[in-house]
2 protein chains.
Amino acid sequence: MAPKIVSRSTLHRLPLYLNYLRSLSVDARTTISATAIAAALQLGEVQVRKDLASISVSGRPRIGYRISDLIEELMSFLGYADRNDAVIIGTGKLGRALLDYAGFGDYGLNIVAGFDVDPFLTERTDGRKAVFSMEQFPDLCRRMKIQLGILTVPAAVAQETCDLMVEHGIRAILNFTPVHLRVPETVLVQDVDIAAMLAVLSSRLLEYENGMKIKGDQKR
Amino acid sequence: MAPKIVSRSTLHRLPLYLNYLRSLSVDARTTISATAIAAALQLGEVQVRKDLASISVSGRPRIGYRISDLIEELMSFLGYADRNDAVIIGTGKLGRALLDYAGFGDYGLNIVAGFDVDPFLTERTDGRKAVFSMEQFPDLCRRMKIQLGILTVPAAVAQETCDLMVEHGIRAILNFTPVHLRVPETVLVQDVDIAAMLAVLSSRLLEYENGMKIKGDQKR
DNA sequence: AGCATATCGATAAAAGCATATCGATATGCT
DNA sequence: AGCATATCGATATGCTTTTATCGATATGCT
């Protein structure tokens, strides 16, 4: 098995490619050039080629890449092929919304269930995905060998909840809380601080009028 | 006015610092060293100093930085000081959750209202923030000089909705749809593809067992 | 058949970012 | 007062990522 090595920034672009390719109707011409992809996604054409090459997809001059091949390779590489089970801890507004979101299936993700300490939230399972009490978390988690957890609890209990998740076998955490989680080296954390993102946006915007604050911001 | 120049990666770390500093109780020692911050956030101490220096905050040897000064500078730099109005377009599950989320205030953000084409969603304003019909968007948007928009519509209508936003004065978009938005150069877009993030996580996880796919992943 | 053109793949150069190192400065202890 | 120590600020080094350049290859047109 070739241990393909991909840079982190490349890895984050791959879903972009996949999304775009999927958006093309299947009966379109079955082949596409790196140039076209680059133009659509406003990236450098060389970068696209490099990214695609890094996951061992190969194109032909004057022809480009077979779209179906690309999609297949991207999906397999990103693990969309094998269904990945995940749980959501904390079913407040945001957690509930994610739990009900139907679109994860396209990404090979299966949200198994939600968990919450609040009994009120745990009982309202009217036809939608079940929300369990936190006491049931350890058992269900181990039995189903869940590795992916989405953390949407209040900031105050974020770290302790995180510790609990790690303790019971969670290996990767999508962290929606604004706290920096401390985890063992073997556990992966991806932060999604929406408020911070908005703030960064507004900050970039702020100085956009009075002359460029961010370095290397605008790229053709 | 000094046109401070900050690298993009620095800009994304600044909210982290601010969050952490805020989490310290105010009656803690009023001063903190870059070393301490670095340890708490698991960053290099030099990097922390560089970041802080880039927003013109200055510390004293053996003492460190005054926490209150840091917080103040960070807030002003990130634009948390002046209230920033924002709107949410598309009030499905996710949009509704964000609309009801109370925590944005701490970030200087004020979600003014939501908009949606679906009349059913627009009428259910039981005590929460109002959701207006899309027809009212242009007027309200211009009158209140909204510059920030959160896009949470279905992928199929993402681009056209985006165009509408841009047309009516939105200057920065937080994009929750998985499509790559085409905007004029003067408009900023920040993508938040949750599904893709999960996929990236699971992908990193996947190869974490059979030997390192991602380059430069583990630090320290 | 041969030439023009579009596209790929690889190598090289440049830029951006992170990390290490060193001197300077301020505090506290003896 | 003087020394040890912690911390800052600045410079320099190395690594990663992006961008540019060049030759190779395949298609289509004359």
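Residues numbered from 1 in each chain as written. Chains lettered and ligands numbered in written order. Predicted model: local features only at pLDDT ≥ 70, side-chain atom pairs only at ≥ 80, totals over all residues. Heavy atoms only, no water.

Here we come to the domain arrangement of chain A. Split by domain assignment, chain A resolves into domain 1 (8–78) and domain 2 (84–195). Computed over C-alpha atoms, the centres of domain 1 of chain A and domain 2 of chain A are 32 Å apart. (Domains from an automatic or database assignment.)

Here we come to the environment of Val117 of chain B. Structurally, Val117 of chain B can be placed in the loop between β4 (109–116) and α6 (119–123). A sequence separation of 102 residues divides Val117 of chain B from Pro15 of chain B, and the C-alpha atoms of the two residues are 34 Å apart. (Helix = DSSP H or I, 4+ residues; strand = E, 2+ residues; numbered from the N terminus.)

Before going further, it helps to spend a moment on unusual backbone geometry. Residues apart from glycine generally show negative phi values, whereas peptide bonds are mostly found in trans. Residue and element names in this part refer to chain B. With a phi close to 70°, Arg62 is a non-glycine residue in the positive phi region. Mapped onto the elements, Arg62 comes out in the loop between α3 (45–54) and β2 (65–66). Backbone geometry places Lys145, a non-glycine residue, at a positive phi of 55°. By the secondary structure assignment, Lys145 is in the loop between α7 (137–143) and β6 (148–151).

Glancing now at the pattern of salt bridges. Within the structure shown, the criterion is met by ten salt bridges over all chains. Across the salt bridge formed by Arg49 of chain A and Glu45 of chain A, the nearest N and O atoms sit 3.2 Å from each other. With Arg49 of chain A and Glu45 of chain A both in helix α3 (residues 45–54) and four residues apart, the pair spans about one turn of that helix. As a salt-bridge pair, Arg66 of chain B and Asp69 of chain B come within 3.7 Å of each other at their nearest N and O atoms. Here Arg66 of chain B falls in the partly exposed class, since its relative accessible area comes to 48%. (Salt bridge = Lys/Arg side-chain N within 4 Å of Asp/Glu carboxyl O. Buried < 20%, exposed > 50% of the residue type's maximum accessible area, 1.4 Å probe, protein only.)

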